[in-house]
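Next come the chains, spelled out residue by residue.
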Amino acid sequence: MSDEQKAQYTSLEEIDQMHAALRAGFRSGKMKSIAARRTQLTQLGYLVQDNMERFKEAFAADLGRHPMEASFLDLLPTLSDTKIAIDRVEKWARTERAPFSLNFAATRPVIRKEPKGVVLIIAPFNYPVWLTFGPLIGALAAGNCAVLKPSELSWNVTKLMAELVPKYLDQDVVRVVLGAVPETTKLLELPWDHILYTGSGRVGKIVNMAGAKTFSPVSLELGGKSPAVIDPKCDMRTAAKRILWGKVANAGQTCVAPDYVLIERGAEDKFVEALKEAHKSFFPDKSYKEMSRIVAPSHFNRLKGLVENTQGTVVLGGLDEMDEAGKLITPTIVRGVKEDDSLMSEEIFGPVLPILPVDNVDDALEYINKHDHPLALYVFTQDAAFKAKVFDNTTSGSAVANEVLLQCATDGLPFGGIGPSGNGYQTRKYAFDMFTHLRASLDSPSWLDKIMGARYPPYTVRFFSCTPPYYSYLSFRMTCSLRS
Ligand code: NAD
């Protein structure tokens, strides 16, 4: 990080002031109405739409990202999620009646969908707009105020968001903190009504522990190694094309990128050939204009180290094609990789694809189940039984057949991990739910005491046998006797 960048970081005193200002903003009740929420959401949409070209330039500066890829994988999904929230927020926020129950119907039980309060959103570098504004859409739709802490690694996009947020959004409602570890540590010392952290598991643990100290609820969107299991009889060309795209998009710096491939030994040759063919069709002149760059020299060197230490066979790309000055790593395929290989030791998060040959699908499942639950699990097969076997015998954040990445953008689907790949769901309605408090509410009439008066002392058996809980007890006894 340059000194010039550090000089622009938010001071620790300012962080305290922002926290207090947003608390006051929330208490003022200005985000209570659906109209106010829609105004902020619409403004957020304009923020992205009006500044599309500037965002594309910032993506190019941070990640060497192709403008079309920046558009369809980051900016347009943000706009689409904004539109969905504007259209549906009224329905999402509607007070819900509890299911009818004879026992409690008279108390008119409802669930009020209330904002949690002031929330903190900490985002990573890889999809800096969608992973910062996406959760913000949910937070605003739910009526919260929010502090955003985008990544210092995607500095140009982060700086642009910090410049634009005060121009488009209410300062009592949204603020941006610029900074790295000290600033995030300071934020984590404060109490929040919810913290959403998206990033690595290492930092996720720090965030979880900090949240525990202030009773701040925490959702973690983490990463890990997402496998792709290949049926030897599948449409190999499509499988290779899609898997390679998963590693090429944003240079593999995608949390749900297929991390490695598990394939029957006898089918490895055919799959490698299909990958080479797909590579040729993506990059016919090998100029790699469409390839994003690795975000920072530290990440470049980490990836280089993993490839240097592999015991597998590099069949495409590799060390000779790496350009350290340009932070470019070309698609690198490594075959014949074993379980204890460097490439299997951590999430790759780069355009390097190890292929792990196995004897059969049972071995593939055993390998997956020996490791952390992945964020995504991919299977490539046209055989329903093969697909069912893989899905039914594993656990993962998402389970996808014959496709990659698209599950995150699919309207109506939750996006989140399980166990070490995270908890909580950060997209659309699911983000709204994450930032919403389900407030149980009753309004009980006085006449109910004619039925439920037995709850007051002195307790007598005669009255107790007239109460709804007693009817429930009788009905449960009846069910049990019917079963036995
Ligand atoms: P990171 O954990 O290094 O950084 C994420 C955020 O945490 C940044 O804002 C950073 O400033 C902050 N941070 C870093 N170190 C910190 C510390 N010691 N204390 C407090 N805050 C700290 O992650 P990254 O490198 O930006 O992103 C890559 C990781 O994110 C990968 O593991 C990837 O799989 C994961 N990811 C997950 C999702 C998802 O939705 N599940 C999405 C994108 C990325």
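Residues numbered from 1 in each chain as written. Predicted model: local features only at pLDDT ≥ 70, side-chain atom pairs only at ≥ 80, totals over all residues. Heavy atoms only, no water.

**Re the sheet that holds strand β16 (residues 436-441)**
Operational definition: Pairing between two strands requires that DSSP report at least two bridges joining them. Think of it this way: any DSSP run of H or I at least four residues long counts as a helix, any run of E at least two long counts as a strand, and we number them from the N terminus.
Strand order in the open sheet made by the 3 strands is β1-β2-β16, with antiparallel pairing throughout. For this open sheet the edge positions go to β1 (96-97) and β16, each flanked by a neighbour on one side alone. Alignment of strand β2 (residues 110-115) against β16, held across 6 bridges, turns out to be antiparallel. When the bridges of β16 are listed, Pro 115 appears paired with Thr 436.

**Quick look at the domain arrangement of the chain**
We apply this condition: Domains are outlined according to an automatic or database domain assignment. In what follows, a contact means two residues having at least one pair of non-hydrogen atoms within 4.5 Å. Reported buried area values correspond to the accessible surface (1.4 Å probe) lost by two parts on association, with both partners' losses combined. Put simply, a salt bridge is a Lys or Arg side-chain nitrogen that is within 4 Å of an Asp or Glu carboxyl oxygen. For this analysis, a polar contact is any N or O atom pair within 3.5 Å, provided that within protein one partner can donate a hydrogen and the other can accept it, and provided that sequence-adjacent residues contribute only side-chain to side-chain pairs.
Each assigned domain of the chain is listed with its residue range as follows: domain 1 (3-222 + 426-438) and domain 2 (227-417). Its C-alpha centre places domain 1 at a distance of 30 Å from the equivalent point of domain 2. Listed per partner, the contact involves 21 residues of domain 1 and 27 residues of domain 2. Both faces considered, domain 1 and domain 2 share a buried interface measuring about 1900 Å² in area, 53% of it formed by carbon and sulfur atoms. At the boundary of domain 1 with domain 2, the tally comes to 1 salt bridge. Between Arg 88 and Asp 411 there is a salt bridge, with its nearest N and O atoms 2.7 Å apart. On the surface where domain 1 and domain 2 come into contact, there are 12 residue pairs in polar contact (both at pLDDT 80 or more).

**Quick word on the side chain of Thr 198**
With respect to the helices and strands, the residue Thr 198 is situated in strand β6 (residues 194-198). Once residues within four sequence positions are removed from consideration, Thr 198 is found in contact with Ile 122, Ala 123, Pro 124, Leu 131, Glu 221 and Gln 426.

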